[in-house]
Amino acid sequence: MRILLLASAFNSLSQRLHAELRDRRHTVDVRLAGDDRELRASIRRLSPDLLLAPMLRTAIPEDVWSALTCLVVHPGPPGDRGPSSLDRAVQEGVTDWGVTVLQAEAELDAGPVWAWEPCRLPPLGKSDLYRNEVSDAAVRAALLAVERFASGSYAPRPQHGAEWREPVRVRPFLRQEERRIDWAADSTVAVLRKLRAADSQPGVLDALGGTEWYLHGGHPEPQLRGRPGELIATRAGAVCRATADGAVWIPELRRRRRPGGPPTVKLPAVTALGELLPALPEVAAPLMATDADADADGRGWTDIAYREEGPVGFLRFAFPGGAMSTGHCRRLLEAYRFARRRPTTVLVLGGGRDFFSNGIHLNVIEAAPDPAAESWANITAMDDLVAEVLTTTDRLVVAALGGNAAAGGAMLALAADEVWCRRGSVLNPHYRLMGLHGSEYWTYSLPRRVGPTEAERLTRQALPVSAATAERIGLVDRVLDRGPQEFGPDTARLAGLLAASPAAQRRIAAKKAAREADELVKPLAAYREEELAVMHRQFFTPGSPYHALRTAFVHKRPAPEGLLART
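Residues numbered from 1 in each chain as written. Predicted model: local features only at pLDDT ≥ 70, side-chain atom pairs only at ≥ 80, totals over all residues. Heavy atoms only, no water.

**Some details on helix α15 (residues 442-450)**
Condition: Throughout, exposure labels follow a simple rule: accessible area from a 1.4 Å probe, protein chains only, divided by the maximum for the residue type, with under 20% read as buried, over 50% as exposed, and the rest as partly exposed. Secondary structure elements follow DSSP: runs of H or I of four or more residues count as helices, runs of E of two or more count as strands, with numbering from the N terminus.
Along α15, the residues classified as buried are Trp442, Tyr444, Ser445, Leu446, Arg449 and Val450. Residue Gly451 follows α15 closely and has a positive phi angle near 90°.

**A few points about unusual backbone geometry**
Note: most residues except glycine have negative phi, and most peptide bonds are trans. For the bond running from Gln201 to Pro202, omega is 0°, close enough to zero to count as cis. One non-glycine residue, Lys556, lies in positive phi territory at about 55°. When you line up the elements, Lys556 lands in the segment after α21 (545-554).

**Description of the pattern of salt bridges**
To keep it simple, the criterion reads: A pairing counts as a salt bridge when a side-chain nitrogen of Lys or Arg comes within 4 Å of a carboxyl oxygen of Asp or Glu.
Enumeration according to the criterion identifies 41 salt bridges in this entry. Linking Arg307 and Glu309 is a salt bridge whose minimum nitrogen-to-oxygen distance equals 2.5 Å. Looking at Glu309, the relative accessible area reads 40%, which means it is partly exposed. Between Glu388 and Arg340 there is a salt bridge, with its nearest N and O atoms 3.2 Å apart. Residue Glu388 is found in helix α13 (residues 371-390), and its partner Arg340 is found in helix α11 (residues 326-340); the two are separated by 48 residues along the sequence. When its relative accessible area of 22% is taken as the criterion, Arg340 is described as partly exposed. Among the ionic contacts, a cluster of salt bridges with common partners joins Arg16, Glu20, Arg24, Asp136 and Arg422.

**Notes on α11**
Here is the rule: Here the expected length of a helix is defined as 1.5 Å per residue gap, with one fewer gap than residues. Two residues qualify as a contact provided that any one of their heavy atoms is within 4.5 Å of a heavy atom in the partner residue.
Between its first and last C-alpha atoms α11 spans 21 Å; for 15 residues at 1.5 Å apiece the expected length is 21 Å, and the two agree. Burial in α11 covers these residues: Thr326, His328, Cys329, Leu332, Leu333, Ala335, Tyr336 and Ala339. Taken together, the buried residues of α11 touch β17 (304-309), β18 (312-317), β19 (346-350), α13 and β20 (396-401).

**Quick look at the sheet that holds strand β14 (residues 247-250)**
Our working rule: A pair of strands is considered paired only if DSSP assigns at least 2 bridges between the two. Axis definition: a line fitted to C-alpha atoms, over the contacting stretch in the case of helices. Angles run 0 to 180 degrees between N-to-C directions.
Within the open sheet, the four strands sit side by side as β11-β14-β13-β12. Their pairing is antiparallel. Of all strands in the sheet, those bounded by a partner on one side alone are β11 (219-221) and β12 (231-235). Going across the sheet, the axis of each strand differs from the next one's by a mean of 30°, ignoring polarity. Note: β12 against strand β13 (residues 238-242), four bridges, orientation antiparallel. What sits directly across from Ala233, in β13, is Cys240.

And the structure:
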């Protein structure tokens, strides 16, 4: 079928459905919502069989849904209605949830149900859940609904009448008044629910240092205590804030925009506060936890951690939004070098849930006094990290993608000997949409995996790739059909088997010989020099499309017309 994908943003779910539908040989066109005239023109031009809206903030015009079947993916179970369904579920601590695919009608979320899938909501951030448990359920439900529509024989269930027995729950927009934290009275559990329900967007409005900020994300702190509401420590760019009965780590802040003032961006909390940050102790978590720490989670939150199980080392990292600033890259490189000194046979890089990496940190770059210089510092720090992985020849390295990877983050994964990913992962192994040539040694590692023709196609088309397609073309080596919570343990089990394999030492010897042979043909330094020569021009040349495209992306504005054609 020809399917028109309509979305308010081409986000993780929209990308995943785009890739999954193409895998099933549907012709898929994407249009961003907002311009109804353009939508009508697209429908006239494309003549789609079906419109599918996986992420929509605005209503579909009546003349569109009355003439064309329009299916809307709603992140809530049947009978659930409203724009803040998932936010409210997380803030209320709901554990049993679901996703419904319904037909667009005059009343929002009240149309006939074509499919729905249940899912669990563990106590995690909304955006993590959206990209994982909710996304899994949404894809299953949407693909089933498309299949039912294609059959021509399925009758969707109206949300009214004698056969409809589900309770109707209208959940209105969750305003900041309901998100507000009472630091003197709210328990740590209540504070975490509010922070997690707003972690990516819109954040929780609060005051720090006499300035209003949106707080993004939250993690429990098991030991530190202080006067409720006060900042008591920093760690890895995050701030720790005391609650009525404990404390929480807040990784990111965004200054509230002043009326008429310039737009603001979400940044690591310490960076955002700058001179407003009081003198606080940096309470670092140990990189390698003791057994007692591991059992009791005594370290509290940390974004980089290392552990071992026999001959396998696990270096996990989790940066908000998958973005890696210069500081993130340098700290992860230091941790990787520590892991290389450990007596292991297999080193697993990643292995957690949610994002693996999306490459350089565009928000930090945008907010820097000199964005070009910060871009350069960031990309060279990423290159240093990738080079360390590529030159690890004394053990096998596995990149374990529990979530999505894009741009330099995807190339970081490709530097490993094997790439394993969860069935729900989406890869974007390209840079073009940001107006960049890219670095991270991709001109070496990508053709090495998929061949030069496929590498050129991936980077030129700049489309999301499903896990299944990534495995088929050789971009990844293994796809694990597991839920988000099972991916890490399953990765650990498979890594243990790999380390115990009689072939492990032969493979290590072979990779060392292959790296030495490749170095003789063309040194890694040459790839880096060639890539960075192009990147330097793109960073420092006045009028380079990269800067305008980056600004548009960071502030969630449409890309300036015509710029992509120049990249």
